[in-house]
Amino acid sequence: TVLAFLGAIGVLFALFVGFQARELFLGPGEFQALTGTTVAEYARAGFFELVAVTTLTLPLLLAADWLLARHEAAQIRQLRRLTVAIVVLLALLLASAYSRMLLYRAYYGLTEDRFYTLAFMTWLAVLLAWFAATVLRGQRARFMPGAVLAALVALLTLNVVNPDAYIARVNLRRAVEGASLDKEYLVRLSADAIPAIADGAAQLEATERCALLRQMEARWGADLERSGPTSTWNLARRKARSSVG
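Positions within a chain are numbered from 1, following the residues in the order the chain's sequence is written. Totals for whole chains, interfaces and linings use all residues, but because this is a predicted model, local features are given only for residues with pLDDT of at least 70 and pairs of side-chain atoms are given and counted only at 80 or more. For the side-chain quantities, the full set of heavy atoms in the structure was used; hydrogens and water were omitted.

## Remarks on the overall build of the protein
On a plain count of helices and strands, the protein comes out with eleven helices and zero strands. Strands here are runs of E lasting at least two residues and helices are runs of H or I lasting at least four, both read from the DSSP assignment and numbered beginning at the N terminus. Along the protein, from the amino end to the carboxyl end, the secondary structure elements read α-α-α-α-α-α-α-α-α-α-α. Exposure is judged per residue with a 1.4 Å probe applied to protein chains only, and the accessible area is read against the type maximum: over 50% gives exposed, under 20% gives buried, and values in between give partly exposed. Counting the 245 residues in the protein, one finds 38% classified as buried. Every accessible area reported is derived by Shrake-Rupley at a probe size of 1.4 Å, with residue values counting cover from the shown protein chains alone. By element, 61% of the accessible surface of the protein is carried by carbon and sulfur atoms, the whole surface being about 13800 Å².

## Remarks on the side chain of Arg80
Positionally, Arg80 belongs in helix 4 (residues 73-108). According to the relative accessible area criterion, Arg80 is buried, its value standing at 19%. Residues are treated as being in contact if the distance between any of their heavy atoms lies within 4.5 Å. Once you skip the residues sitting within four places of it in the chain, Arg80 turns out to touch Asp65, Val135, Leu136 and Gly138.

## Comments concerning the packing of helix 1 (residues 2-19) against helix 3 (residues 39-67)
In this analysis an axis means a line fitted to C-alpha atoms, helices contributing only their contacting stretch, and an angle means the value between N-to-C directions, from 0 to 180 degrees. Axis separation between helix 1 and helix 3 bottoms out at 11 Å; the angle between their running directions is 160°. When the interaxial angle is binned, helix 1 and helix 3 end up roughly antiparallel. When you trace helix 1 past helix 3, the crossing you get is left-handed. Across the interface between the two elements, Val2, Phe5, Leu6, Ile9, Phe13 and Phe16 from helix 1 touch Glu49, Val53, Leu60, Leu61, Ala64 and Leu67 from helix 3. Within the contact of helix 1 with helix 3, the residues separate by chemical class into eleven nonpolar, no polar and one charged. Angles below 35 degrees are treated as roughly parallel, those above 145 as roughly antiparallel, those between 65 and 115 as roughly perpendicular, and all remaining angles as oblique. By convention the crossing between two helices is left-handed if the near helix lies anticlockwise of the far one by an angle smaller than a right angle, and right-handed if it lies clockwise. Throughout, the ten residues Ala, Val, Leu, Ile, Met, Phe, Trp, Tyr, Cys and Pro are labelled nonpolar, Asp, Glu, Lys and Arg are labelled charged, and all others, Gly among them, are labelled polar.

## Looking at the packing of aromatic side chains
Each pair of aromatic rings taken from Phe, Tyr and Trp, with Trp reduced to its six-membered ring, is defined by centres within 6.5 Å and is described as stacked if the planes are under 30 degrees apart, edge-to-face if over 60, and tilted in the remaining cases. Counted under the stated rule, the structure contains eight aromatic pairs. Judged by centre distance (5.8 Å) and plane angle (85°), the ring pair of Tyr104 and Tyr108 falls under edge-to-face. Taken together, the residues span about one helical turn, with Tyr104 and Tyr108 both in helix 4 at a distance of four residues. Given the relative accessible area of 7%, Tyr104 is considered buried. On the basis of an interplanar angle of 55° and a centroid distance of 5.7 Å, the ring pair of Phe115 and Tyr166 is categorised as tilted. With Phe115 in helix 5 (residues 112-134) and Tyr166 in helix 7 (residues 163-176), the pair connects residues that are 51 residues apart, well separated along the chain.

## Focus: the pattern of salt bridges
Pairing between side chains of opposite charge can happen when the charged atoms of each approach one another. Any carboxyl oxygen of Asp or Glu that lies within 4 Å of a side-chain nitrogen of Lys or Arg is treated as forming a salt bridge with it. On inspection of all chains with the given rule, the structure shows three salt bridges. For Arg140, the salt bridge is made with Asp65, and the minimal N-O distance between the two is 2.7 Å. A residue pair is termed long-range when its members are at least 10 positions apart, and Arg140 in the loop between helix 5 and helix 6 (143-161) and Asp65 in helix 3 qualify at 75 residues. Exposure remark for Arg140: the relative accessible area of 26% places this residue in the partly exposed category.

## Brief notes about the nonpolar core
Here, the term nonpolar core denotes a set of buried Ala, Val, Leu, Ile, Met, Phe, Trp, Tyr and Cys residues that are joined through side-chain atoms within 4.5 Å. One finds Phe13, Met121, Leu186 and Leu212 to be the most contacted residues of the largest nonpolar core, which totals 61 residues. The contacts of Leu212, once residues within four sequence positions are left out, are Leu172, Leu181, Lys183, Leu186, Val187, Ile197, Ala201 and Leu204.

## With respect to the layout of surface pockets
Size it by volume and the largest pocket reaches roughly 430 Å³. When contributions to the lining of the largest pocket are tallied by element, the ones reaching two or more residues are helix 4, helix 5 and helix 6. Here the lining of the largest pocket is built from residues that sort into 16 nonpolar, two polar and one charged. Whether a set of points on the 1 Å grid over the protein atoms alone is a cavity depends on a 1.4 Å probe fitting there but being unable to get out, while an open set qualifies as a pocket with protein on both sides within 12 Å along at least five of seven lines; lining residues are those with an atom within 4 Å of a point. Grid points are joined across faces, edges and corners, and a volume is the space filled by probe spheres set on the points.

## A word on a nonpolar patch on the surface
The residues that make up patches have over 30% relative accessible area and no salt bridge, and they are joined within 9 Å when like-charged or within 5 Å when they are Val, Leu, Ile, Met, Phe, Trp or Tyr. Taken together, the side chains of Val11, Leu12, Leu15 and Phe19 present a nonpolar region at the surface, about 460 Å² in accessible area. When you line up the elements, Leu15 lands in helix 1. The class of Leu15 is partly exposed, set by a relative accessible area of 44%.

## Here we look at helix 5
Take the number of residues in a helix, subtract one, and multiply by 1.5 Å to get its expected span. Across its 23 residues, helix 5 extends 33 Å between first and last C-alpha, which sits within 8% of the 33 Å expected from 1.5 Å per residue. Of all the residues in helix 5, the buried ones are Arg114, Phe115, Thr117, Leu118, Met121, Leu124, Leu127, Leu128, Phe131 and Thr134. Taken together, the buried residues of helix 5 touch helix 3, helix 4, helix 6 and helix 7.

Here it is as structure tokens:
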């Protein structure tokens, strides 16, 4: 019964991916002609489909592996084959969602939402790889500790990367290459982004550089000069104060 149910899920998933095969990996300009959507809608649809399918599928695969753990070897082999097929389909959906988000970033630059979406999908890729390395090899007990450890490593990496500074550097690089720059969004980022903005602005054309730095000073100048309790101090604000000055 479990194998039949899992097989039905696999067939439905395969049909879902099959019907969308033409839309999985589209280049600039193709998505609107084929799907009738904007690049934002195309990217968001791919991400939310991925989250929904992964949330439903991985727990089912884990439950099926637990239920059939003590069954005959032939049934376990069938389960493994079904699981491999579903994981491959999940990986295909993940690659499509990641490609769509990169396309979205290429069109409009990077924001916090897009950055964390890409980071989450990177963690999902690690999770799928770990699932294949453990559950598919009969080591289900190792999956959850590894998944939690991967999440902790991802959080540590995000803190080291400094997302707001990274977002500022990416958008300023695009502006140097000729893309439009959303100055209002840049100056709304946290104090972590200010040194990156000050450094990157030096490469902009004079008029745009002056406009950006003027907005940054207006947004942060007075705010960073305020004195307050020790609990409000942090290294980012100290570096930002020096950059604004």
